Amino acid sequence: MRKINPFPALIAAFILAAVGLTVENEYYLGVAVIIMIHALNATGLNILLGYTGIISIGQAAFFGIGAYISGVLSATYGWNALLTFPVAFMGAFIIAYIIGWPVLRLHGHYLAMATLGFGMIIYILMNEMDFITGGPSGLMGIGDIEFFGLYFGLDQAYFVLMSVYFVFVLFMLELFDKSFLHYKLKFIKSSESASNSYGLDTVQTKLLVFAFVAGFTAVNGSLYAFFVHFISPVSFSLKYSIELVAMATVGGLGYITGGVIGAVILGLVPELFASAEDYEMLIYGGLLAVCVMFVPGGIAGTLSRLRKKDA
Amino acid sequence: MQFLYSGLTGGSIYALVALGYNIIYNTTGLINFAQGEFVMLGGMLIYTLFAVFGMPFIIAFPLAVVTALIVGLLFERVFINLVRVKSDINLITVTIAASILLRDFAMHIWGRDTVTVGEFMPVKSIELPGGVISNQSIMVIAVGACIAFILHLFLKRSKYGRAMRACFDDMTAAGICGINAVMVRVMSFGVAAAVGAAAGVLISPITFVTYDDGLMIGLKGFAAAILGGLGSFWGAVAGGILLGLLESFAATIMPSGYKDAIAFVVILLILFVKPAGLFGKRMAKRV
């Protein structure tokens, strides 16, 4: 067992505290919240792609399922925000389990296409089932998160809530990275037949990981919905799924910090180059291609290699 | 009956796109996620040559296809060849990245708006039992069938086609027999791009062209390819036509918004029930 390295979580906590104390502008705090949500989604995908070898190009669908479950329950039925989170998690978990049962027996290209097709179907359903989702014009009137007399309607408050959750998840991920489960998943990734012959139920393990990550992504979707208060299908299109793949790959597949690094870098691109909005996808595609071709392991992988060289 | 005619038109296009997937799959065992972008490229090139420069269609068509072929060759040299670790996940990701780049370049060159190509010949409607069909649709079906037939001859009879099939069976053995495997891979990307572009040219007067068309048509072509069985030549043709018919039939009984979902439901159903496709052979798994 390797020693637990609390530094990534601590550094993140420190940076977030510094941002929270110094930045007054609500807009920038909002950007920080959105980037944290991207980072969590990218990390979820990283667990699938980098640890388990499941290529999923439909993560935006689970993100959207979570956002819409919370949004509809809150806006149409007036539920308390907190109660919608378990529903979103379980909803996505069950859908992912049902979808994954046949899909995760597939490999490589087939798996990529199947998850992509699933994402497109969910996207079309979001657009067409306008009696539930509000259709292409979106869903409005989503409430605020409120519990124990605390109210998270303001951006500052939401930033604090999100930061606490984010650091907590980072710490859990560090525990996961040092756990037995992590080795099990990497074993499945490196050779499915070998892990089968060692008595691992690979399909069942992959299924549970896939469903759990789907639930996790859905919770991020709920957090997103309660932050922006307005959701429309555009946010959950294939483009977002591909952006997540880019974030995880550029950041570093198979490194716990990879998703976070990728999300911060690629999430800041549209903010820094607001004038060059047209070139946003060009930057995404270019970075993705360069990383896959020349930088295996992405940024996190390169950093850890450099560190090992020094030591 | 009307749905039969429109289904055949759309189906011929899907069949051509599916053949493009098959050519690459049969030589490299790879799915090119950017295949649809070549369809868009074909449409955009014919728009430039035919509508903007005013070339006669007989010259513009081959020129567009040859240009796409060259782009296909470059595509392989730049994206596939340079990937250091050629694992499945890396190759999938790099073709996705390449499709983003192609789409974005197209957006910068031709703009965000839909472009109208205009008719290649005067449009006439022909009365058939149970409906009408335009001579445009007939041209799509006829030229599509011709391309499929030429491709079939190329793959089965010509030296290059045989080399391609040998590479799929066993890359190493083919290399020992003196086949330049890299050359074959490059060429398969070129041919696939050319076939995709031809499909794009044919469909452009009917559906018009937008820079982000490639994604949808690429996915539908893939649905057609696995419906017929990935790697099976006539399977791809049958799958394409079947998908076209299914889509246009669905449009008669469902709200049109769901029409695009058909292809994805087909992808999922086939992958669930019979991943080898309707006409494909079950392949042994290599451990």
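Calculation rules
Every residue gets a number counted from 1 within its own chain, in the order that chain's sequence is written. For this description, chains carry letters from A and ligands carry numbers from 1, given in the order in which they are written. Per-residue local features of the predicted model are confined to residues with pLDDT of at least 70, and side-chain atom pairs are confined, for both listing and counting, to 80 or more; whole-chain, interface and lining totals are unaffected and use all residues. Derived side-chain values reflect all non-hydrogen atoms in the structure, with water molecules and hydrogen atoms excluded from consideration. Residues count as neighbours in contact if any of their non-hydrogen atoms are within 4.5 Å of one another. A simple way to read buried area is as the amount of 1.4 Å-probe accessible surface that goes missing from two parts once joined, with both sides added. The rule for a salt bridge is simple: a side-chain nitrogen of Lys or Arg has to be within 4 Å of a carboxyl oxygen of Asp or Glu. Here a polar contact is recorded for every N or O atom pair within 3.5 Å, except that within protein the pair must consist of a potential hydrogen donor and a potential acceptor, and residues adjacent in sequence are included only if both atoms are side-chain atoms. Note on aromatic contacts: the rings of Phe and Tyr and the six-membered ring of Trp form a pair at centre separations within 6.5 Å, being stacked when their planes are under 30 degrees apart, edge-to-face when over 60 apart, and tilted otherwise. A run of H or I in DSSP counts as a helix once it spans at least four residues, and a run of E counts as a strand once it spans at least two, with each numbered from the N terminus. Three exposure classes are used, based on accessible area relative to the maximum for each residue type with a 1.4 Å probe and protein chains only: buried under 20%, partly exposed in between, and exposed over 50%. Comment: the charge-over-ring label is applied if NZ (Lys) or CZ (Arg) is within 6 Å of the ring centre and within 35 degrees of the ring normal.

Trainee: Could you give an account of the interface of chain B and chain A, naming the residues involved and the relevant values?
Mentor: For interface size, the figure often reported is the accessible area lost on association. Taken together, the 43 residues of chain B in the interface contact 39 residues of chain A. Where chain B abuts chain A, roughly 3800 Å² becomes buried across the two surfaces, and 81% of that area is made up of carbon and sulfur atoms. Counting across the interface, chain B meets chain A through 0 salt bridges. Our count for the chain B to chain A interface comes out at 1 residue pair in polar contact (both at pLDDT 80 or more).

Trainee: For the packing of aromatic side chains, give the residues involved together with the corresponding values.
Mentor: Both the distance between ring centres and the angle between the ring planes are used here to describe each pair of aromatic rings. Under the defined criterion, the tally for this structure stands at 23 aromatic pairs over all chains. Summarising the aromatic geometry, the rings of Tyr51(A) and Phe176(A) are spaced 5.3 Å apart at their centres and angled 55° between planes, so their arrangement reads as tilted. Of the two residues, Tyr51(A) is situated in helix H2 (residues 26-52) and Phe176(A) in helix H7 (residues 155-177); the sequence distance between them amounts to 125 residues. Using a relative accessible area of 0% as the deciding quantity, one classes Tyr51(A) as buried. Since its relative accessible area comes to 13%, Phe176(A) is described here as buried. On the numbers, 5.7 Å between centres and 85° between planes, the contact of Phe62(A) with Phe210(A) is edge-to-face. One end of the pair, Phe62(A), is in helix H3 (residues 59-75); the other, Phe210(A), is in helix H10 (residues 202-228), with 148 residues separating them in the sequence. A relative accessible area of 1% places Phe62(A) in the buried class. Site record: aromatic cluster; members linked through ring pairs are Phe63(A), Tyr68(A), Tyr224(A), Phe236(A) and Tyr240(A). Looking at Lys186(A), its charged tip hangs above the ring of Tyr51(A), at a distance of 4.6 Å from the centre. Positioned over the ring face of Tyr160(B) is Lys159(B), at 5.9 Å from the centre of the ring.

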